[in-house]
Each structure stands twice: as structure tokens, then as C-alpha cells.
Amino acid sequence: MANINYNYIEEYIRSILPEDSGDLKKIKDYANRNNIPIIFPEVEQFIKVLLKIANVKNILEIGSAIGYSSLVMAESTSSDIRITTIEKRKDMYKIAKENISQSKYKDKIKIIQGDARDIVPELKGKYDFIFLDAAKGHYLEFFNDCVEKLNDGGIILSDNVLYKGMVANDELVIRRKKTIVKRMRNYLEYISKLEGYITSVLPLGDGVSITYKEEGDS
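I will try to describe carefully the structure that is included in this document. (Residues numbered from 1 in each chain as written. Predicted model: local features only at pLDDT ≥ 70, side-chain atom pairs only at ≥ 80, totals over all residues. Heavy atoms only, no water.)

## A few points about the sheet that holds strand β2 (residues 82–87)
The cut-off we apply is this: Pairs of strands are assigned from DSSP output, requiring at least two bridges between the strands. Put simply, DSSP marks the helices as runs of H or I at least four residues long and the strands as runs of E at least two long, and each gets a number from the N terminus on. What counts as an axis is a line fitted to C-alpha atoms, over the stretch in contact for a helix, and the angles between N-to-C directions run from 0 to 180 degrees.
An order of β3-β2-β1-β4-β5-β7-β6 is seen for the 7 strands of this open sheet, with the pairing classed as mixed. In this open sheet, the two edge strands, each paired with only one partner strand, are β3 (109–113) and β6 (197–202). The mean inter-strand angle of the sheet, taken between neighbouring strand axes irrespective of direction, is 15 degrees. Relative to β3, β2 runs parallel, the two being bridged by 5 bridges. Paired with Ile 86 across the bridge in β3 is Ile 112.

## As for the side chain of Ser 69
Convention followed: N or O atoms within 3.5 Å of each other form a polar contact, as long as, within protein, one can give a hydrogen and the other can take it, and as long as residues adjacent in sequence are counted only when both atoms are side-chain atoms. Here, two residues are considered to be in contact whenever any of their heavy atoms come within 4.5 Å of each other.
Assignment of secondary structure puts Ser 69 in helix α4 (residues 68–75). A polar side-chain atom of Ser 69 sits 2.3 Å from a polar atom in the side chain of Glu 61. In this view, Ser 69 contacts Ile 39, Glu 61, Ser 64 and Phe 131; residues no more than four positions away in its chain are not counted.

## Points about helix α3 (residues 41–54)
Put simply, the rule is: One less than the number of residues in a helix, times 1.5 Å, gives the span that helix is expected to have.
Over its 14 residues, α3 runs 20 Å from end to end, which matches the ideal 20 Å to within 8%, given 1.5 Å per residue. Asn 55 sits one or two residues past α3 and shows a positive phi near 50 degrees.

## Digging into the pattern of salt bridges
Keep this limit in mind: The salt bridge criterion pairs a side-chain nitrogen of Lys or Arg with a carboxyl oxygen of Asp or Glu, the two atoms within 4 Å. Exposed residues in this analysis have more than 50% of their type's maximum accessible area, buried residues have under 20%, and partly exposed residues fall in between, with area computed by a 1.4 Å probe over protein chains only.
Per the stated rule, a full pass over the model turns up 14 salt bridges. With a shortest N-O distance of 3.6 Å, Glu 10 and Arg 14 are connected by a salt bridge. Note that Glu 10 and Arg 14 are positioned in helix α1 (residues 7–15) at a spacing of 4 residues, about one turn of the helix. Using a relative accessible area of 24% as the deciding quantity, one classes Arg 14 as partly exposed. Beyond isolated ion pairs, a larger network of salt bridges with shared partners links Asp 20, Lys 28, Glu 44 and Lys 48.

## Remarks on empty space enclosed by the protein
To keep it simple, the criterion reads: Lining residues are defined by having an atom within 4 Å of a point belonging to a cavity or pocket. Those points lie on a 1 Å grid over the protein atoms alone, cavities being sets where a 1.4 Å probe fits but cannot get out and pockets being open sets with protein on both sides within 12 Å along at least five of seven lines. Grid points are joined across faces, edges and corners, and a volume is the space filled by probe spheres set on the points. Note on residue classes: Ala, Val, Leu, Ile, Met, Phe, Trp, Tyr, Cys and Pro are nonpolar, Asp, Glu, Lys and Arg are charged, and everything else, Gly too, is polar.
Enumeration according to the criterion identifies 1 cavity of 30 Å³ or more in this entry. One number sums up the size of the largest cavity: a volume of about 40 Å³. Lining the largest cavity, in full, are Asn 5, Ile 9, Glu 10, Ile 13, Glu 42, Pro 203, Leu 204 and Gly 205. Sort the elements by how many residues they give to the lining of the largest cavity and α1 lands first, with 3 residues. Residue composition of the lining of the largest cavity, by class: 4 nonpolar, 2 polar and 2 charged.

Everything listed here is a matter of coordinates, which is why it stays silent on function.
This is how it looks when you write it as C-alpha cells:
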């Protein structure tokens with residue numbers, strides 16, 4: 001549970017979602033056994049619907065972890081989808097690369113190991129959808145790099161933006177998390193007031209923000 005919604009609400013929503021199968025289930029089970037954070041089921045479903053609505057063709061993901069969300073996005077989009085995903089940690093990158101290489105989407109997903117702050121400015125081309133799910137204290141830096149790569153009418157989805165409720169409530173803040181919470185609050189305020197963009201923050205999973213780049217503002 002993420003401290004965002006009442007437990008009974010989360011439990012009910014998750015109870016009506018379709019269950020993963022095949023490779024996705026194996027990867028999710030591995031993540032759960034090894035305490036590796038992956039997207040919450042309700043966020044996963046939200047992403048699937050969002051990608052269908054937006055008819056996304058080109059995706060950039062910041063934070064591959066073990067490749068689960070990349071494979072979810074590949075499964076939820078058209079046959080001509082292209083996904084670029086970046087993972088800083090070498091151990092996670094190694095697992096993600098193996099998971100992706102063993103999937104039927106291996107030719108559609110390119111995984112890069114390194115710091116997104118170094119890699120994103122060097123990427124060629126633009127993206128319809130960018131998913132931020134990496135170091136929470138650096139979201140503003142990631143965002144400012146990523147908007148340069150976002151098509152007009154494109155979307156940036158940021159995960160874990162309410163951070164176990166701490167971002168919304170000082171009473172929940174753990175002392176050692178104060179810096180991350182402060183930076184996340186600054187991030188949400190920034191993207192919510194940024195000219196040329198429309199942002200909505202949703203109490204879904206651990207909190208997500210969805211930012212739409214208005215046409216003609218590139």
C-alpha cells in the first residue's frame with residue numbers, strides 16, 4: 001500500500017483488474033520476491049489506457065528497473081511502437097536487458113545503461129510519450145531535459161510523485177526523506193504552472209502526474 005488511498009479502495013481496484021500472464025507475470029513475481037519496485041497494478045492499467053487513447057508510437061522511459069514497465073508498454077501499443085529505456089544501475093540494467101531480450105518485443109525496445117541526465121540530451125528524434133520513474137529527487141532535471149525531446153501534443157507521465165503521501169502531508173515525512181519531498185513539491189509546483197503545458201496530479205498508486213505539451217509550443 002502507498003499511503004495515498006484507503007486500503008480498501010486500492011484492494012477493490014486491484015481486485016477487478018485483469019491479471020498478468022506469461023512473461024509479465026514471471027517478471028512481476030520476481031520483483032515481488034526480491035523487493036524490486038515496479039509500477040502499481042492500477043498505474044499499469046492507467047498507462048495501458050493512456051497509450052491507447054494517445055495512439056503513441058515512440059516512447060522514452062527514464063528508469064527501466066528490470067524491464068517490466070517497458071514490456072507492459074510494448075504489449076499495450078501498436079506493432080510499430082519504438083521504446084527507448086534508460087537505467088542507471090548496472091545490476092538492474094543487466095536483468096532488464098535479459099528480460100527484454102527473451103521477449104517477443106526485443107526488436108522494439110532499446111535499453112541504454114547510464115545516467116539519463118547525460119544520455120537524454122544526446123538522443124536523436126522526439127517522443128510522443130515519456131515515462132519518468134527514476135531517482136525522485138531529480139525529476140525536475142529529468143523533466144527539463146525530456147521536454148526538449150517531446151513532440152507537440154505529447155505526454156510526460158511521472159510516477160511516485162506523492163511519495164507515500166509525504167509530499168501532501170508534513171506529518172508523514174520521514175526525516176531522511178525531507179530533501180526528496182522538498183524537491184518533489186518543487187517539481188509538482190513547477191510543472192503545474194509551466195506555460196505551454198497542462199498538468200494533472202492523480203492519487204493513483206503512489207501518485208502520478210500527467211503533463212500534456214500543448215500544440216505549437218515546441
